[in-house]
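What follows is the residue order along each chain.
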Amino acid sequence: MDPQAQSKVRELGLEQCALCAARTALRESHIIPAFVFRYLKDTSITGAMRSSDTPNLRSQDGWKPRMLCGGCEQRFGTWEKQAAERLFVPLHDGVADRFTYGSWFLPFATSVVWRVLQAYVLGDPEMSEMPEVIRPRVHQALKSWRAFLLGEARHTGGFEVHAIPLHLIEGGDVESFPPNINRYFRRVVELDIPGSTETSFVYAKLMRLGLFGVIVERPGEPWKGGKIVRKQGTFGVSHYTVPLPLLDYLGDRARNVTAMHEQMSPRQQGVVDRALEANQHRAPGSQWMRAYSQDAEIFGFPPDRGAT
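The shown structure was predicted, so the numbers you read here are calculated from the model rather than taken from an experiment. (Residues numbered from 1 in each chain as written. Predicted model: local features only at pLDDT ≥ 70, side-chain atom pairs only at ≥ 80, totals over all residues. Heavy atoms only, no water.)

A. Local environment of the pairing of strand β11 (residues 209–216). Taking burial as the measure, the 8 residues of β11 include 8 buried ones, the bulk of the element. With 5 bridges connecting them, strand β8 (residues 161–165) and β11 associate as antiparallel partners. Bridge assignment links proline 165 to a residue of β11, and that residue is leucine 209. Connecting strand β10 (residues 200–206) to the next strand, β11, in antiparallel fashion are 2 residues, including methionine 207 with a positive phi near 60°. (Buried < 20%, exposed > 50% of the residue type's maximum accessible area, 1.4 Å probe, protein only. Helix = DSSP H or I, 4+ residues; strand = E, 2+ residues; numbered from the N terminus. Pairing = 2+ DSSP bridges.)

Below you can see the structure in the form of structure tokens.
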């Protein structure tokens, strides 16, 4: 596009949609779907959220960069509605622990990991924190996932997308887990792109629904059991084979949540305490309390500052 046309686009508030490439007004696009945050707030003790990155601020919603046009937002919204009603809400409400999904699940999950990776690249085109050897694979993954989402390809082009349920830890060998692991699994929403020269993947944690977009697979340690298939498959309690470092990674993410909450100021801790007291009638049946009780039973320690 020539400079004059680029200037006109800016004047009109138009930009290029990251998915379909249309030159149009862009929307604020949820990276993690909005229904996840609505559910998190609706099932919290206080009705509020706090980000682990900014524990001294209440959050009303997730990250929403201007990235997609209205048409692509609608495209994603169709899959999100199916995912919310048929899997996410029943999973978190405890209706079932195993689900049969249809052709909507792979596009939904792919749309999430694509959004995470695309937002990262838009924010840091040089991918400065990514090992150089991985960077070509990042662009290939984005291209493959984009083609699938637009209906230009039948598959994700070798860049598999996996879904794993993050269930409560109730006992057994727990020494490798941090003492907030159940609260982390049940009540935390986050995204990340861990990477090394041997393995790299997109991590989107929608509370108990863990989505993983594989960019580079660790040699000799394939992902098994969680791959989302195109038409119909099963998600839920099962046996999964994942790269061994993934378990350590999840433990580190849980520890990071505790470390960030410990940075909460005394003033904000007072805000949380007053909110908990005002809403104590909601605590006994809350999902946070169930997860906390399980952690306390296993590890035996006082509550942390992440109660919501």
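Further notes follow.
B. How the structure looks around the pattern of salt bridges. Evaluation of the coordinates by the stated rule reveals 8 salt bridges. The residue arginine 253 makes a salt bridge to aspartate 192 at a minimum N-O spacing of 3.6 Å. Of this pair, arginine 253 sits in helix α7 (residues 244–261) while aspartate 192 sits in strand β9 (residues 189–192), and the two are 61 residues apart along the sequence. In this structure, aspartate 252 engages arginine 255 in a salt bridge whose closest nitrogen and oxygen atoms are separated by 3.0 Å. With aspartate 252 and arginine 255 both in helix α7, this residue pair falls 3 residues apart, about one helical turn. A residue is classified by how much of its surface remains accessible, and aspartate 252, at 46% relative accessible area, is partly exposed. (Salt bridge = Lys/Arg side-chain N within 4 Å of Asp/Glu carboxyl O.)

C. Main features of helix α9 (residues 287–299). With 13 residues, α9 should cover 18 Å at 1.5 Å per step; its first-to-last C-alpha distance of 18 Å lies within 8% of that length. Of all the residues in α9, the buried ones are Gln287, Trp288, Ala291, Tyr292, Gln294 and Asp295. Axial view of α9: buried residues confined to an arc of 160°, hence all on one face. Its buried side turned inward, α9 meets α2 (34–42), α3 (70–93) and α6 (181–187). Immediately downstream of α9, the backbone of glycine 300 shows phi near 60°, a positive value. (Expected span 1.5 Å × (residues − 1). Arc of directions from axis to C-beta. Contact = heavy atoms within 4.5 Å.)

D. Examining the nonpolar core more closely. With 61 residues, the main nonpolar core has Phe105, Phe108, Trp114, Leu117, Trp145, Leu206 and Leu211 as its most contacted residues. Broken down by element, this core gets its largest block of residues, 12 residues, from helix α4 (residues 105–123). Core analysis: the second largest hydrophobic core is formed by 16 residues, Ile164, Tyr249, Ala254 and Val257 among them. (Core = buried A, V, L, I, M, F, W, Y, C linked by side-chain atoms within 4.5 Å.)

E. Region of the structure containing the side chain of threonine 156. Note on placement: threonine 156 falls in the loop between α5 (135–149) and β8. Within the structure, threonine 156 has its side chain in polar contact with the backbone oxygen of phenylalanine 159 (distance 3.1 Å). Discounting chain neighbours no more than four positions away, the residues touching threonine 156 are Leu106, Thr110, Ser144, Trp145 and Phe148. (Polar contact = N/O pair within 3.5 Å; in protein donor to acceptor, adjacent residues only side chain to side chain.)

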